[in-house]
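Residues per chain are reported as follows:
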Amino acid sequence: MEAPRPAETHGPTPLCDELERGPWPSHVTELKKTRYHLQMYEESLSRRQTQWGFGGYVSLPGVAAGFAIRASARPEITKGANFVRVLPPAGNFYSAAMLSKVCDIADRYAYGLLHLHSTGGNIEILGIPTEQLLEVVSALNAQGLDVGSTGDAYRNTVECVGPARCDAALIDTLGIRDAWFRRFLDDVQFPRFPHKLKVKISGCPNDCTRAVQKSCIALIGVFRDAPKINGEQLAVWVGEGGDIAHVASMCPPRAMEWDGGRLTIDAEACTHCMYCINKCPAIRPGDDRGVAVLVGSKLRGKYGPLLGRVLVPFVPLTPPAYTELFDLLHRIDEVFDEHARRKERLGDFLFRIGIDEFSRLVGVEPSPHQMAEPRSNVFFHWAAGGPVGGEKEV
Ligand code: SF4
Ligand code: SF4
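Residues numbered from 1 in each chain as written. Chains lettered and ligands numbered in written order. Predicted model: local features only at pLDDT ≥ 70, side-chain atom pairs only at ≥ 80, totals over all residues. Heavy atoms only, no water.

(A) Quick look at the pattern of salt bridges. Considering all chains together, one arrives at 22 salt bridges under this definition. One salt bridge in this structure joins R192 and E334, with 3.2 Å as the shortest N-O distance. Residue R192 is found in the loop between α6 (173–189) and β7 (199–202), and its partner E334 is found in helix α11 (residues 323–339); the two are separated by 142 residues along the sequence. Note on R192: relative accessible area 31%, which makes it partly exposed. Judged by relative accessible area, E334 falls into the partly exposed class, the value being 35%. Of the charged contacts in the structure, one is a salt bridge between K228 and D287, with a shortest N-O distance of 2.7 Å. (Salt bridge = Lys/Arg side-chain N within 4 Å of Asp/Glu carboxyl O. Helix = DSSP H or I, 4+ residues; strand = E, 2+ residues; numbered from the N terminus. Buried < 20%, exposed > 50% of the residue type's maximum accessible area, 1.4 Å probe, protein only.)

Structure, rendered in C-alpha cells:
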C-alpha cells in the first residue's frame, strides 16, 4: 500500500486547542492526527458561523449513489470536501480486521478520518479527492463493502442489535435487514423517488433506533398475546427484593394484578408496552410475534417534525424472504414514487393526503390502530358497529 498523503499543516487554532483540555477523549486531538482542515473548524468557532458551504450528492459512471460533497465558504483554506458513505453490515457489527481495512482506505485516499456513524448509520470516509472517488469504491468493493445512501433513494437502514445481543428482541432485526438489502438494493443505489426514504428496524417496542421518530418506514417488533410469567423465577426475584407490587401498579392500562402471592395479566387490557418486561426478568414477551409497520416520521421537511403513524399493526414474519412484509413496503414506495410531490418527504405526503387516502392507495384496510391520538371531544361517539364505518352520533 502506498504511503498516506503528507499531513496538512494547521495554523494556530487556539479555540480548538481549548477543546483538548479535560480528561475525556477530545475530538480535536483526533482531528489533529489527520489531514482534516482544522482551520475550517477554528474559523467557524471564531466567527460563530460555520465556514462550510452547501452540501450535495454526485453520481459518477457506475456509481449513482454513495458520494456526497460539502462546499467551502473559505476556498483559501480548502475548496471543499468529498466523502463516501459505506453501507455497514447489519447491526453495525464489524470485525476488527474489516474495520482496519476501511481505515487503510481512509489513510490512503482521504483525510485518514472516519465518521462512525452518520445519523443514517453509514460509515463516512471524509476528504477524498474527486479524481480518486471511483478508486475508493473499487478498494471498498475488494473488501466486500459497497457504497450508497445518498440522494432520493432508499437510504441505509438502521437496525438495533436484536437477538445478536439483546434479551428483549422479539424479531431478527439483522436477518430482516439482510433480506431487505437483497430485495431493495437497486433502490438503495439508483435514486428514483421524489425524496429520500429511510427505514429503521427496532426489535421491540422499546424502539432503540428511534424508528417512530426518524424513519419514513418504521418496522417495530411486536407481540399480540399476553406477556409470559415464570412463577418460579418471579418468586426468586421477589425473594431477592424485587418489588413486583410496584411494577404492577405502574402498568399503564392497569392490566397487572398482584395479590401478594400470585401475578396475573389481563391479556385483553395489556397494550404490550414492554414496561413490566423491562423491569422484571420473570416476565417475558408473548410468543405471537410479528412487525408493526409505521409510516411518516421525520425531523425535517415542510411540516416539521412528525411522529410515525401505524399503517399496519401486525405483519407476520416469513423468513428468509419476508415476502409479505416486503411486498407491503414495495407498495408504500410505489405510492410514494407515483403520488408524492418532488422533494416531499413521505411524512409530509402522508400529512397532506391523510391516512385514509394513503391506506387506500397502498391497499391497506383501515384499522383503529391507525388513530394518531385518542379523541378529545368526549361528546362525540361512534355508534355500535365499531370505530370504522359506524354511524356518527353527536
Ligand atoms: S429495540 Fe428492543 S430488541 Fe432492539 S436493542 Fe432495543 S430493547 Fe433490544
Ligand atoms: S406489557 Fe405493559 S401493558 Fe402489558 S402488562 Fe406489562 S406493563 Fe402492562
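(B) View of the pairing of strand β2 (residues 63–72). Taken across its 10 residues, β2 has 7 buried, putting it largely inside the fold. Of the strand pairs in this sheet, strand β1 (residues 52–60) and β2 are connected by 6 bridges, and their pairing is antiparallel. Note on β2: the bridge partner recorded for G56 is I69. Where β1 folds back on β2, the antiparallel hairpin that results is connected by 2 residues, among which G62 adopts a positive phi of roughly 90 degrees. (Pairing = 2+ DSSP bridges.)

(C) Quick look at the site of ligand 1. Close to ligand 1 lie C160, C166, A168, A169, G203, C204, N206, D207 and C208, which account for all nearby residues. Grouping the constituent residues of the shell around ligand 1 by class yields 6 nonpolar, 2 polar and 1 charged. (Near = heavy atom within 4 Å. Nonpolar A, V, L, I, M, F, W, Y, C, P; charged D, E, K, R; others polar.)

(D) Spatial organisation of the packing of α11 against helix α12 (residues 346–353). Axis separation between α11 and α12 bottoms out at 11 Å; the angle between their running directions is 75 degrees. The orientation of α11 with respect to α12, classified from their angle, is roughly perpendicular. Contacts from I332, V335, F336 and H339 of α11 reach α12 at L346, F349 and R352. Residue composition of the contact of α11 with α12, grouped by class: 5 nonpolar, 1 polar and 1 charged. (Axes fitted to C-alpha atoms, helices over the stretch in contact; angles between N-to-C directions. Parallel < 35°, antiparallel > 145°, perpendicular 65-115°, else oblique. Contact = heavy atoms within 4.5 Å.)

(E) Quick look at the packing of α12 against helix α13 (residues 355–362). Interhelical geometry of α12 versus α13 gives an angle of 110 degrees and a closest axis separation of 6 Å. Here α13 runs roughly perpendicular to α12, going by the angle between their axes. Between α12, through L346, F349, L350 and I353, and α13, the contact on the second element is made entirely by I355, E357, F358 and L361. Here the residues of the contact of α12 with α13 are counted per class, giving 7 nonpolar, no polar and 1 charged.

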